[in-house]
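Observations on the three-dimensional arrangement
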Amino acid sequence: MQVIENRVNQVPNIFLILITIFGSITLFVQPFFSAPDEGTHFGIAYTIFHDGKSNSEFGRYALPVDVANYRNGSFVSKYVVEKGEFKENKLEFNLSYKKIQYLPQAVGMLIGELIYPSYGVIMFFGRLINLILYICGMYFAIKKAKTAQWIMAIVALFPISIQQAASLSYDPFFFVAIFLAFSLVTNLSTKKEPLTVKWYAYIVGSVMMLFLAKSSALAMGLYFMTLPMVLFGNNYFTQTIDKIWKLCDKYKKTVILLGILVFLLFLRYEFRNYGGLLKGSQILLNTFTRADIQQNLDSLLTSGIIGNFGWLNYRLPEWLVIIDFIFLTIMAISEKHVDIKKRMIVTGGIIYFLNIILVSLVMYFEWTIGRLKMLDNLFVEGNQGRYYTPFLICLAPIGLILQKYIKIEISESNKKIMYIGFSVFNFIYFIVLTLLYYYTNDGGVNFLPHLGNLIKGIK
């Protein structure tokens, strides 16, 4: 029994060790304001404990990353030593439900300001508390999950995940909300007895976290519709739901056609004032299938799922991204088999697809034609792969189906070696790229000749 328990616990424990090391290094290496929109996140989080009635009042604090200051070494005096004008701001609690995802970093920023009111100190403590939230939340989610532990650990340790975890972004809250919901569903889908009050509380808490995160996170709510009805007792309502699921299983093709019809009607409604269904469908097709039209399809969307860093300045090469996706697929197929309802597996794929569509619609209406005023644009601007990263775990159960057709057997010890190897390599690549881009005069274009000259000088 003890041996089995140790095998179950080794995944979250290995993850905990690696994320603590990787996150701590990133805290010190990643330049201030270098994560996407980190200046904006700084201003929003700062308002929670100060007297600004709107984010714009603290807009002057939302500085852009200054690459030159890092390349010439002056960032220490500018961000760490030099005090800001933060002492002019009175303390005042301004928390709203829309800002709850910024509360962890806001607490850290307040601590930093009280210790020493410089940009660097304030941001460091904000990032630190955000990272602690990420580590604790992801560790708990992975530990309690009944399946896909390795996949969850891999995705949570992607370089892009680490970058966001060690920043002032609300992404750590978003990632944790997705992972906790998935972990909860894996538990509920394997239970055979009615739920207790404790489990209902878990469901309510999970749904609340999804609601407080990005709107696309609500797609995870579809999972709760797939739960076995035995969890909710034997009554008229549960019997009716079971009958509906049996009908869906019996008339699969009809259900699929109805699903496609509902999706098309949804798109037609969303694009009713912007060219209708055909134009809307064309915009989505151009965004995700035409790299010649959407020239950021490979760099921002595909590579971005695993690693497009800074203000999208540098990224992992495609060959490494391909290898990482292959590794992720192999680990999913070799996952320990768990009996779960087929509808949960199918729903996971729907959730991943739905998230992509929902994010694209938001970016098109609010960013492409809203902010940028690109009314004639035939593709979505502003999409980034990191918006899809946490939802990769929803695809993990598909590996359970593929096990019937593809046989991949990997021992737990070998999985451990592979996981550590891939994670360490990815992280080192990310850190080296960061050091070269921000801390060398030419962005690392000639770092080998410079290194050679340095070694010769030492001799």
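The structure under discussion appears in the preceding block.
A brief report on the enclosed structure follows.

So, how was this worked out
Residues numbered from 1 in each chain as written. Predicted model: local features only at pLDDT ≥ 70, side-chain atom pairs only at ≥ 80, totals over all residues. Heavy atoms only, no water. Helix = DSSP H or I, 4+ residues; strand = E, 2+ residues; numbered from the N terminus. Rg over C-alpha atoms; globule rule 2.2 N^0.38 Å. Buried < 20%, exposed > 50% of the residue type's maximum accessible area, 1.4 Å probe, protein only. Contact = heavy atoms within 4.5 Å. Areas by Shrake-Rupley, 256 points an atom, 1.4 Å probe, with all protein chains shown as cover. Lys, Arg positive; Asp, Glu negative; His and termini not counted. Charge placed at Lys NZ, Arg CZ, Asp CG, Glu CD. Axes fitted to C-alpha atoms, helices over the stretch in contact; angles between N-to-C directions. Parallel < 35°, antiparallel > 145°, perpendicular 65-115°, else oblique. Left-handed = near helix turned anticlockwise from the far one by under 90°. Patch = residues over 30% accessible without salt bridge, like charges linked within 9 Å, V, L, I, M, F, W, Y side chains within 5 Å. Salt bridge = Lys/Arg side-chain N within 4 Å of Asp/Glu carboxyl O. Expected span 1.5 Å × (residues − 1). Polar contact = N/O pair within 3.5 Å; in protein donor to acceptor, adjacent residues only side chain to side chain. Core = buried A, V, L, I, M, F, W, Y, C linked by side-chain atoms within 4.5 Å. Phe/Tyr/Trp six-rings, centres within 6.5 Å; stacked < 30°, edge-to-face > 60°.

1. Looking at the overall build of the protein chain
What the protein chain contains, in helices and strands, is 20 helices and 2 strands. Its C-alpha atoms give the protein chain a radius of gyration of 24 Å, within 12% of the compact-globule value 23 Å for 459 residues. The dimensions of the protein chain, computed from C-alpha atoms along their principal axes, are 75 × 55 × 50 Å. Per-residue burial over the protein chain gives 49% buried out of 459 residues. Contacts in the protein chain between residues at least 24 apart in sequence constitute 78% of all its contacts with a sequence separation of at least 6. Accessible area of the protein chain: about 22,500 Å², with a carbon and sulfur share of 66%. Distance from the positive charge centre (41 side chains) to the negative charge centre (28 side chains) of the protein chain: 8 Å.

2. Here's the deal with the packing of helix α16 (residues 318-333) against helix α19 (residues 412-439)
Direction vectors running N to C along α16 and α19 enclose 155°, while the axes themselves pass 12 Å from each other. When the axis of α16 is compared with that of α19, the two are roughly antiparallel. The handedness of the crossing between α16 and α19 comes out as left-handed. Of the residues in α19, those touching α16 at Trp-319, Leu-320, Ile-323, Asp-324, Phe-327 and Met-331 are Lys-415, Met-418, Tyr-419, Phe-422, Phe-425, Asn-426 and Tyr-429.

3. Thoughts on a positive patch on the surface
Residues Lys-143, Lys-144, Lys-146 and Lys-198 make up a contiguous surface patch of positive charge. Of note, Lys-146 is situated in the loop between α6 (119-144) and α7 (149-156).

4. What about α16?
Look at α16: 23 Å from first C-alpha to last across 16 residues, which is about the 22 Å you get at 1.5 Å a residue. For α16, the secondary structure elements touched by its buried residues are α7, α14 (297-302), α15 (304-307), α18 (398-402) and α19.

5. Concerning the side chain of Asn-377
Along the chain, Asn-377 turns up in the loop between α17 (342-371) and α18. Among the residues examined, Asn-377 registers a relative accessible area of 11% and is labelled buried. Polar contacts involving the side chain of Asn-377 include one to the main-chain carbonyl oxygen of Phe-379, which spans 2.8 Å.

6. Some details on unusual backbone geometry
Residue Ala-148 is not a glycine yet carries a positive backbone phi of 65°. Along the polypeptide, Ala-148 turns up in the loop between α6 and α7.

7. What to know about the nonpolar core
Side chains that are nonpolar tend, in soluble globular proteins, to be buried together. Membership of the largest hydrophobic core comes to 124 residues, with the highest contact counts inside it found for Phe-15, Phe-42, Leu-188, Met-220 and Tyr-419. Every residue in contact with Met-220, bar those within four places of it in the chain, is listed here: Ile-178, Ala-181, Phe-182, Leu-210, Ile-351, Phe-391 and Cys-394.

8. Considering the environment of Trp-367
Mapped onto the elements of the fold, Trp-367 is located in helix α17. Given the relative accessible area of 32%, Trp-367 is considered partly exposed. Separated by 13 residues in sequence, Trp-367 and Val-380 have C-alpha atoms that sit 8.6 Å apart.

9. Notes on the pattern of salt bridges
Under the definition given, this model contains 9 salt bridges. A salt bridge links Asp-171 to Lys-214; its shortest N-O distance comes to 3.5 Å. Here Lys-214 lies in the loop between α10 (197-212) and α11 (236-250) and Asp-171 lies in helix α9 (residues 171-188), a separation of 43 residues in the sequence. A single burial state applies to Asp-171 and to Lys-214, both of which are buried.

10. Some words on the side chain of Gln-30
Tracing the backbone shows Gln-30 in the loop between α1 (2-29) and α2 (38-47). Relative accessible area serves as the criterion here: at 5%, Gln-30 is assigned to the buried category. In terms of polar contacts, Gln-30 uses its side chain to reach the backbone carbonyl oxygen of Ala-166, at 3.0 Å.

11. Observations regarding the packing of α6 against α7
For the pair α6 and α7, the least separation of the axes is 9 Å and the interaxial angle reads 165°. Of the possible angle classes, the one that applies to α6 and α7 is roughly antiparallel. As for the relative orientation of α6 and α7, their crossing is right-handed in sense. Contact residues: α6 offers Tyr-134, Met-138, Ala-141, Ile-142 and Lys-143, while α7 offers Gln-149, Met-152, Ala-153 and Ala-156.

12. Thoughts on the environment of Ile-420
In this fold, Ile-420 is placed in helix α19. The class of Ile-420 is partly exposed, set by a relative accessible area of 29%. It is 34 Å that separates the C-alpha atoms of Ile-420 and Thr-289, two residues lying 131 residues apart in sequence. Among all residues touching Ile-420, those that are not within four sequence positions of it are Ile-14 and Leu-18.

13. As for helix α13 (residues 276-289)
The first and last C-alpha atoms of α13 sit 20 Å apart over 14 residues, in line with the 20 Å expected at 1.5 Å per residue. Taken together, the buried residues of α13 touch α12 (252-270), α14 and α17.

14. Thoughts on a nonpolar patch on the surface
The grouping of Phe-447, Leu-448, Leu-451, Leu-454, Ile-455 and Ile-458 at the surface amounts to a nonpolar patch, some 600 Å² of accessible area in total. Tracing the backbone shows Leu-451 in helix α20 (residues 447-458).

15. A word on the packing of aromatic side chains
For the coordinates displayed, the defined rule picks out 41 aromatic pairs. Residues Tyr-70 and Phe-75 carry aromatic rings whose centres are separated by 4.3 Å and whose planes lie at 10° to one another, so their mutual orientation is stacked. Take Tyr-70 and Phe-75: they sit in the same class, and that class is buried. A ring pair is formed by Tyr-102 and Tyr-170, whose centres lie 5.6 Å apart and whose planes are at 90°; its orientation type is edge-to-face.

16. Re the environment of Ala-145
Its place among the elements puts Ala-145 in the loop between α6 and α7. For Ala-145, a relative accessible area of 7% gives the class buried. Linking Ala-145 and Phe-182, residues 37 residues apart in sequence, is a C-alpha distance of 7.7 Å. The contacts of Ala-145, once residues within four sequence positions are left out, are Met-152, Ser-183, Thr-186 and Asn-187.

Remember that the coordinates give geometry; whether it matters functionally is a separate question.
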